[in-house]
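What follows is the residue order along each chain.
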Amino acid sequence: DLLNDYYGGETKAQNMLMRSWQVEWKLNVEEYLEKDEEDNDETGNWDDDDNSTNDDDDDNVNEDNDDGADDDGSDDDGSDDDSNTDDGSDDDNFKKKKRKQKNHKKKKKKHENNDDDDSNNNNYNRHLGKKKGVKRAKTIHNHPDNLTPEQIQQQKHYSKQRTTKLITTMARALLNPLQDDFKIGTIGSSVAAGHDNCHYDSYESQLQRTLSSIFQSAGMNLIVQNAGEGGGCGDTHENQVFCITHNVSPDVDIIHYSWTYFEHGGAEKARESLIRWGQQMPKRPMVHHLVARGKANTCEGDSKENAMLDNTYAAYGYNAFCIQTGLYFGGHDYDKEQEEGINRFGWQQVGDGYHNTTRYGELEEDEERRNGLGTVYRNWHPGPLGFQIASDAFAYVYSMGVLMALELIEKDMDAGLDPRDRWFVKSTDDRGLLSTDGEYDETELMNFIETENKSLLHDASSKQRLLEPKLSLPPQTVKDMPEPLFCDPLYCSIPHPPSCINYEKPTYGVPGPTVQTQNEWKIWKQNNNWAYEVGKKDIALFKRWNDEEWYQKCTHLDACGGITASDSSQGELVFELPASKMTTGLIIVCGCCGKKVGEDMFLKNENLEIKLNGKVLNKSKMDVYPNAKCARLVKAFKEFDEDSDISKEDELLLSFNLKTNTNEVKISHLIAL
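Keep in mind that this is a model prediction, so the values were computed, not measured. (Residues numbered from 1 in each chain as written. Predicted model: local features only at pLDDT ≥ 70, side-chain atom pairs only at ≥ 80, totals over all residues. Heavy atoms only, no water.)

Caption draft 1: Summary view of the packing of aromatic side chains. Taken as a whole, this structure holds 26 aromatic pairs when the rule is applied. Aromatic pair W530 and Y551: ring centres 4.5 Å apart, planes at 25°, arrangement stacked. Here W530 is found in the loop between β10 (522-525) and α23 (536-545), whereas its partner Y551 is found in helix α24 (residues 548-554), with 21 residues between them in sequence. Across the pair, Y551 and W530 agree in class, each one buried. Among the aromatic residues, those joined into a cluster by ring pairs are W21, W25, Y203, F321, F387, F394 and Y398. One residue, R209, lies across the ring of Y360, its end atom 4.8 Å from the ring centre. Over the ring of Y377 we find R293, and its NZ or CZ is 4.3 Å from the ring centre. (Phe/Tyr/Trp six-rings, centres within 6.5 Å; stacked < 30°, edge-to-face > 60°. Helix = DSSP H or I, 4+ residues; strand = E, 2+ residues; numbered from the N terminus. Buried < 20%, exposed > 50% of the residue type's maximum accessible area, 1.4 Å probe, protein only. Lys NZ or Arg CZ within 6 Å of the ring centre and 35° of its normal.)

Okay, structure coming up:
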């Protein structure tokens, strides 16, 4: 009701916050329970009297991956597929390049015809909000006008699968007697981190404040983890997705992903890998993608690759929200304003056409702060008002999911049924809800929860709950998932997500590789003050306030980090890899800090010796992967790679040793799969 009122009524709110996603959410219990042709086969039974799992994401996936694209197979996505591969740095490098390219008339003219605002990393696209309006897609692949009647029917089934996953996620959290926290974990770039704003104004912080009351009413805490990392460390989506179980808690209920300005060609590989790895995590979290820009008539639905991901992974809840698309769907005539010289998406523009500040800004007495909170885009980074619609879109959809779950729970209870039977499998053995496919046993996760200072097992009622029958998720294996569309099956069709240790900050999860011997290698973390990556106007404002509490609220969480040595006297660094979870044999090391340090720091460094179980690894078999910050030390065990001489063993010890004094070696990530 809060959001319906704020956006001018239920219809308008739903247009902006539900229907503007890459695939429209259709969240209505009656429609959800209606049968369609797809529901009558063995892939799902929607009869609510049946009390089944309702074509749950864990049990049934329609393997028809028809992407609903034009019959001629055209790849036309309505965009100019520019090949510029600027790395998307968010700081000084961007500003220098911007100045250098200011007078490049030909290049500017070329980019004026570019329809793909969000996926190309070049300077004109990075600040197009300052110079241009928002584009319209020429082709929306899953739009009914572009589909056959059979494809339209298939889209209805995909929509029902997506809704099922949303409801299932909420219902399992509400009914799980061992769950006190609902966790959303975000990985991403400086957009996710909230740079050029106070951390308090990031979309994650706004989402936690907006949505917390919903979960509090169910006796739960909402925790939104922000593991966004600025561009200065050199990371991209390509390496950070491998670290999902260390960057965020392994037991997250939902994963958010946001890398708008880094996603040049091939980003669908990383997103697909993340979706698939997520289904091997304890709660099988949905992946939701936040795009900082968007088109006027679609949230990137003009990409054939996106349409294929939407359809193939509908049963796993995958979807995306675009800030500008959401604003356009409210009906404000931004195009007319653009003709009149008003660009709502320009840098430092205050007011989005609906509101001139955020909801909490309306309560702010300081005029400067109130106006600042009305900024839609600081630059290429969204401002507080831009972040608010993203926060509200997630909050609206998740609230609807909770309400639908509660309605179904109530229907079961009124019918004298145990609502847990709809979403869980009961058992009396030692395998409980938090134990899925052997990836995280219950003891491991309980220890993790205890280290997070949760009170899960400290009161009598909690202990009594442990005596009840165990609740497990329905069985699911890699074979139950569809074949990969884009990612390498060797890496993304596996029974465990990757293991990682990430020395950057923040991290919320469990490191996989562990240090067995550190010797004199030093752990380093970038020392940032409260003003790091906060906008200049906010810095001046809060200096004037001189309020320590607000300094803390403003402070961003992200910082580069690593474990480092530059002197042979510092000894050998030895990691124990999680051998029992390594099914493929992939080993990756990443360096700090920079976007292209992998080759020089690891592959060409003659003074660095790398061993596995005491055997020196052959650097001629290594390569730069998955981006230029990292090096792939081992591609796979020899059973998967005929060129490999590495076998899987019960113990795998990876060591780094400097033979002489050298340039600093600083390891930011170590990944094992």
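Caption draft 2: Seen up close, the nonpolar core. M170, F182, L327 and Y398 are the most contacted members of the largest nonpolar core, which has 65 residues in total. Here the element with the most residues in this core is helix α18 (residues 384-414); it accounts for 16 residues. With 35 residues, the next largest nonpolar core counts I255, A270, C487 and I588 among its residues. (Core = buried A, V, L, I, M, F, W, Y, C linked by side-chain atoms within 4.5 Å.)

Caption draft 3: Inspection of α23 at higher detail. Within α23, burial applies to D538, I539, L541 and F542. One side of α23 carries all its buried residues, which in axial view fall inside an arc of 165°. Facing away from the buried side of α23 by over 90 degrees, the exposed positions are K536, K537 and K543. (Arc of directions from axis to C-beta.)

Caption draft 4: Spotlight on helix α10 (residues 203-216). Helix length check: α10, at 14 residues, gives a terminal C-alpha distance of 20 Å against a target of 20 Å (1.5 Å per residue), a fit within 8%. Helix geometry: α10 is bent most strongly at T210, by close to 35°. Along α10, the positions that sit buried rather than exposed are Y203, E204, S205, Q206, L207, L211, S212 and F215. (Expected span 1.5 Å × (residues − 1). Bend = angle between axes of the 7 residues up to and from the residue.)

Caption draft 5: Structural context of the state of the cysteines. All told, the structure shown has seven disulfides when counted by the stated rule. One disulfide bridge connects C233 with C560, the sulfur atoms lying 2.1 Å from each other. The sign of the S-S torsion, about -100°, decides the handedness of the disulfide formed by C233 and C560: left-handed. Residue C233 is located in the loop between β2 (221-228) and α11 (237-240), and its partner C560 is located in the loop between α24 and β11 (561-565); the two are separated by 327 residues in the primary sequence. Residue classification places C233 among the buried residues on the basis of a relative accessible area of 2%. For C243, the disulfide goes to C500, at an S-S distance of 2.0 Å. Judged by the sign of its S-S torsion, about 70°, the bond between C243 and C500 is right-handed. Separated by 257 residues along the polypeptide, C243 in the loop between α11 and α12 (244-247) and C500 in strand β8 (residues 499-502) bring together distant segments of the chain. Taken as a pair, C243 and C500 share a single burial class, namely buried. (Disulfide = S-S within 2.5 Å.)

Caption draft 6: Region of interest: the pairing of strand β13 (residues 587-591). For β13, the tally of buried residues reaches five of five residues, placing the bulk of the element in the interior. With five bridges joining them, β13 and strand β19 (residues 665-672) adopt antiparallel strand pairing. Paired with I588 across the two strands is I671, which belongs to β19. (Pairing = 2+ DSSP bridges.)

Caption draft 7: Structural detail: the confidence of the model for the chain. Within the chain, residue pLDDT values average 83, and 79% of them lie at 70 or more. Across residues 428-446, confidence stays below pLDDT 50; counting only partners more than four residues off in sequence or on other chains, it has 51 contacts. Across residues 448-467, confidence stays below pLDDT 50; counting only partners more than four residues off in sequence or on other chains, it has 29 contacts. (pLDDT = per-residue confidence, 0-100. Contact = heavy atoms within 4.5 Å.)

Caption draft 8: Spatial organisation of the packing of helix α13 (residues 267-278) against helix α14 (residues 304-312). For the pair α13 and α14, the least separation of the axes is 10 Å and the interaxial angle reads 10°. Compared by their axis directions, α13 and α14 come out roughly parallel. Contact residues: E268, R271 and E272 in α13; E305, N306 and L309 in α14. Of the residues assigned to the contact of α13 with α14, the class counts are one nonpolar, one polar and four charged. (Axes fitted to C-alpha atoms, helices over the stretch in contact; angles between N-to-C directions. Parallel < 35°, antiparallel > 145°, perpendicular 65-115°, else oblique. Nonpolar A, V, L, I, M, F, W, Y, C, P; charged D, E, K, R; others polar.)

Caption draft 9: Structural view of the sheet that holds strand β12 (residues 573-577). Ordered by their spatial adjacency, five strands build an open sheet running β9-β12-β18-β14-β15, and the pairing between neighbours is antiparallel. Both outer strands of the open sheet, β9 (514-517) and β15 (615-616), are each paired with one neighbouring strand and no more. With five bridges connecting them, β12 and strand β18 (residues 652-658) associate as antiparallel partners. Counted as the bridge partner of L573 is F656 from β18.

Caption draft 10: Highlighting a negative patch on the surface. A cluster of acidic side chains, namely E30, E407, E410 and D414, defines a negative patch on the protein surface. Residue contributions to the negative patch peak at three residues, all from α18. Its place among the elements puts E410 in helix α18. (Patch = residues over 30% accessible without salt bridge, like charges linked within 9 Å, V, L, I, M, F, W, Y side chains within 5 Å. Areas by Shrake-Rupley, 256 points an atom, 1.4 Å probe, with all protein chains shown as cover. Salt bridge = Lys/Arg side-chain N within 4 Å of Asp/Glu carboxyl O. Lys, Arg positive; Asp, Glu negative; His and termini not counted. Charge placed at Lys NZ, Arg CZ, Asp CG, Glu CD.)

Caption draft 11: Summary view of unusual backbone geometry. Cis geometry marks the peptide bond from K505 to P506; its omega dihedral reads 0°. Along the polypeptide, P506 turns up in the loop between β8 and β9. Between C592 and C593 the backbone carries a cis peptide bond, its omega angle lying at 0°. Within the element layout of this structure, C593 appears in the loop between β13 and α25 (598-603). Phi is positive for Q348, which is not a glycine, with a value near 70°.

Caption draft 12: Expanded view of the sheet that holds strand β3 (residues 254-258). Here we have five strands laid out as an open sheet, ordered β2-β1-β3-β4-β5, and parallel in their pairing. Of all strands in the sheet, those with a lone pairing partner are β2 and β5 (319-322), marking the two edges. If you compare each strand with its neighbour and ignore which way they point, the axes differ by 20° on average. Summarising the sheet, strand β1 (residues 181-188) and β2 pair through eight bridges and their orientation is parallel. By the bridge assignment, I184 is partnered in β2 with V224. Sheet strands touched by α10: β1, β2, β3 and β4 (286-291). Its angle to β2, the strand with the most contacts, is close to 165°.

Caption draft 13: Seen up close, the environment of T260. Position of T260 relative to the elements: it lies in the loop between β3 and α13. Residues T260 and A192, spaced 68 residues apart in sequence, show a C-alpha to C-alpha distance of 9.6 Å.

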